Amino acid sequence: LQNEWFHQTDIISTVEFNYSGELLATGDKGGRVVIFQHEQESKNRPHLRGEYNVYSTFQSHEPEFDYLKSLEIEEKINKIRWLPQQNAAHFLLSTNDKTIKLWKISERDKRAEGYNLKDEDGRLRDPFRITSLRVPVLMPMDLMVEASPRRIFANAHTYHINSISVNSDHETYLSADDLRINLWHLEITDRSFNIVDIKPANMEELTEVITAAECHPHQCNVFVYSSSKGTIRLCDMRAAALCDRHSKFFEEPEDPSSRSFFSEIISSISDVKFSHSGRYMMTRDYLSVKVWDLNMENRPVETYQVHEYLRSKLCSLYENDCIFDKFECCWNGSDSAIMTGSYNNFFRMFDRNTRRDITLEASRESSKPRATLKPRKVSTGGKRKKDEISVDSLDFNKKILHTAWHPKENVIAVAATNNLYIFQDKIN
């Protein structure tokens, strides 16, 4: 429901397609996970390619209280990551600030009937009344989708978890908080291995924090993590068990002419994502998206301005705390295009081959089912054209922080506060 008075708990905090794109999971501030399933298209309704319907909803995390530190641990889902499908069931990892859970999502459409030791209503039968042996049979029933927690990985993070990433060996995954990165085995919950620790001996000397981390899509020994100083470190677990010393260090030298009071804040990286090919990685800072070649550390190979018109508005964005918003970014299935969010429910798409870019809006007004999205333009001063929006009238409460791109098709999911929009490219 489009309602200005929606509950804070309904705000979507993460969006993730599974490996096939068949399922789409969202997590929200209320600790719930909602999974949508792709509808099979039928011959007479071929336009339903991007149609997703609710498949399963479950409460993943509950609010907790840390009595030792007198801290409330909120239930908000920070990240969801799917595991590659091995059998009929699906598995995903979901995390709040402190605890990671492995969920199994499975279907049941049959139930056993005709037990020997109990009646149909479940009551135990008197053993002396059992005179014959029955073989239970499986009877069809309405489809039930069950979500059950298979593993709970707790008590390993002192600070807030900002990232989880499943390794390409499909056996291990990493979790990162502000100062440390841990490596887990999916089968082992009572211990993890600390692979990065940037906590200084004296906390007053703290100059940077870890903002995001991700495993390489093909090399299970390689991972990267980004920092609030705008740098990215690539580590190789073959070189040493403790990866405090990086193998590669990616940083773009700062242009002294554009230095300002806000330079450090806006250079903080809010997201890092490897390309599907594993050759590139993309980082998002406050005003731009950069694509790096893993073989070149001194500067990005591509830089895309997301909302350069906000550079003159940084002072008011600092005052209303928007400057600290953490925008995510994502690749399309073939790594030829990238997408990230902005304000006023705008999101941006960049074509890496043609270098063309587009601004689109996710809102009830502009997104009638089957309607084509119109490109949006923001005027930066001077005379405003008819269909342009002035910078001063942008709504900074409407922000798109979380987006996801289908791994194989041009279907995208965009979370705008408490609404999820799914768009597909138009079929002629």
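Before reading on, note that the structure itself is shown above.
Remember, predicted model here, so these are calculated numbers, not experimental data.

### Quick look at the side chain of Asn 116
- Structurally, Asn 116 can be placed in the loop between strand E9 (100–113) and strand E10 (137–153).
- Taking the relative accessible area as the measure of exposure, Asn 116 reaches 16% and is therefore buried.
- There is a polar contact of 2.6 Å between the side chain of Asn 116 and the backbone nitrogen of Arg 134.
- Not counting residues up to four positions away in its chain, the partners in contact with Asn 116 are Arg 125, Ile 130, Ser 132, Leu 133 and Arg 134.

### A word on the environment of Ala 212
- You can see Ala 212 is positioned in strand E15 (residues 210–215).
- Given the relative accessible area of 4%, Ala 212 is considered buried.
- A C-alpha to C-alpha distance of 26 Å links Ala 212 and Ser 316, two positions 104 residues apart in sequence.
- Aside from chain neighbours lying at most four places away, what touches Ala 212 is Asn 162, Ser 163, Val 224, Tyr 225, Ser 226, Ser 270, Asp 271 and Val 272.

### Some points on the packing of aromatic side chains
- One pass over the structure, following the stated rule, counts 18 aromatic pairs.
- Relative to Trp 103, the ring of Phe 58 has its centre 4.5 Å away and its plane inclined at 45°; by these criteria the two rings are tilted. You can see Phe 58 sitting in strand E4 (residues 52–59) and its partner Trp 103 sitting in strand E9, a full 45 residues away along the chain. Residue Phe 58 shares its accessibility class with Trp 103, and that shared class is buried.
- Plain terms: the ring middles of Tyr 304 and Phe 350 are 4.9 Å apart, the flat faces sit at 35° to each other, and that makes the pair tilted.

### A short note on the side chain of Thr 95
- Relative to the elements of secondary structure, Thr 95 occurs in strand E8 (residues 90–95).
- The exposure class assigned to Thr 95 is buried, which follows from its relative accessible area of 0%.
- A polar atom in the side chain of Thr 95 sits 3.4 Å from the backbone oxygen of Thr 99.
- Apart from residues no more than four positions distant in its own chain, Thr 95 is found in contact with His 61, Lys 76, Ile 77, Asn 78, Lys 79, Ile 100, Ile 161 and Ile 164.

### Things to note about the pattern of salt bridges
- Summed over all chains, the structure comprises 25 salt bridges.
- Residues Glu 252 and Lys 290 are paired through a salt bridge, measuring 2.9 Å at the closest nitrogen-oxygen approach. One end of the pair, Glu 252, is in the loop between strand E18 (248–250) and helix H1 (263–267); the other, Lys 290, is in strand E21 (residues 288–293), and 38 residues separate them in sequence.
- For Glu 252, a relative accessible area of 31% puts it in the partly exposed group.
- Bridged by salt links that share partners, the residues Asp 10, Asp 28 and Arg 32 form one connected network.

### A look at the sheet that holds strand E31 (residues 419–424)
- On the basis of which strands lie adjacent, the open sheet formed by 3 strands has the order E29-E30-E31 and antiparallel pairing. One side of each edge strand has no neighbouring strand; the edge strands of this open sheet are strand E29 (402–405) and E31. Recorded for the sheet is a direction-independent mean angle of 15° between the axes of neighbouring strands.
- Both strand E30 (residues 411–416) and E31 contribute to a ladder of 6 bridges, which runs antiparallel. Paired with Ala 413 across the two strands is Ile 422, which belongs to E31.

### Side note on the nonpolar core
- Ranked by size, the top nonpolar core spans 19 residues in total, and within it Tyr 286, Leu 310, Leu 317 and Leu 394 carry the most contacts.
- Here Leu 317 is in contact with Tyr 286, Leu 310, Cys 322, Ile 323 and Phe 396, once residues within four sequence places are set aside.
- Counting 15 residues, the second largest nonpolar core, distinct from the first, contains Cys 330, Met 339, Leu 360 and Leu 373.

### Focus: the pairing of E15
- The element E15 is extensively covered by neighbouring structure, given that 6 of its 6 residues are classed as buried.
- Of the strand pairs in this sheet, E15 and strand E16 (residues 222–227) are connected by 5 bridges, and their pairing is antiparallel. Within E16, the position partnered with Ala 212 by the bridge is Ser 226.
- Joining the antiparallel neighbours E15 and E16 is a turn of 6 residues.

### Considerations on unusual backbone geometry
- Phi is positive for Asp 321, which is not a glycine, with a value near 70°.
- Tracing the backbone through its elements, the reader meets Asp 321 in the loop between helix H2 (314–319) and strand E23 (329–331).
- Judged by its relative accessible area of 49%, Asp 321 falls in the partly exposed class.
- In this structure, Asn 345 takes a positive phi of about 60° despite not being glycine.

### Overview of the sheet that holds strand E13 (residues 180–185)
- Pairing is antiparallel in the open sheet, where 4 strands are placed in the order E11-E12-E13-E14. If you trace the sheet from one side to the other, it starts and ends with strand E11 (161–166) and strand E14 (193–197), each paired once. Each neighbouring strand pair of the sheet contributes to a mean axis angle of 20°, computed without reference to strand direction.
- As defined by bridge partners, E11 adjoins strand E12 (residues 172–177) across 5 bridges and the pair is classed as antiparallel. In the sheet register, Val 166 faces E12, and the bridge partner there is Tyr 173.

The rules we used
Residues numbered from 1 in each chain as written. Predicted model: local features only at pLDDT ≥ 70, side-chain atom pairs only at ≥ 80, totals over all residues. Heavy atoms only, no water. Helix = DSSP H or I, 4+ residues; strand = E, 2+ residues; numbered from the N terminus. Buried < 20%, exposed > 50% of the residue type's maximum accessible area, 1.4 Å probe, protein only. Polar contact = N/O pair within 3.5 Å; in protein donor to acceptor, adjacent residues only side chain to side chain. Contact = heavy atoms within 4.5 Å. Phe/Tyr/Trp six-rings, centres within 6.5 Å; stacked < 30°, edge-to-face > 60°. Salt bridge = Lys/Arg side-chain N within 4 Å of Asp/Glu carboxyl O. Pairing = 2+ DSSP bridges. Axes fitted to C-alpha atoms, helices over the stretch in contact; angles between N-to-C directions. Core = buried A, V, L, I, M, F, W, Y, C linked by side-chain atoms within 4.5 Å.

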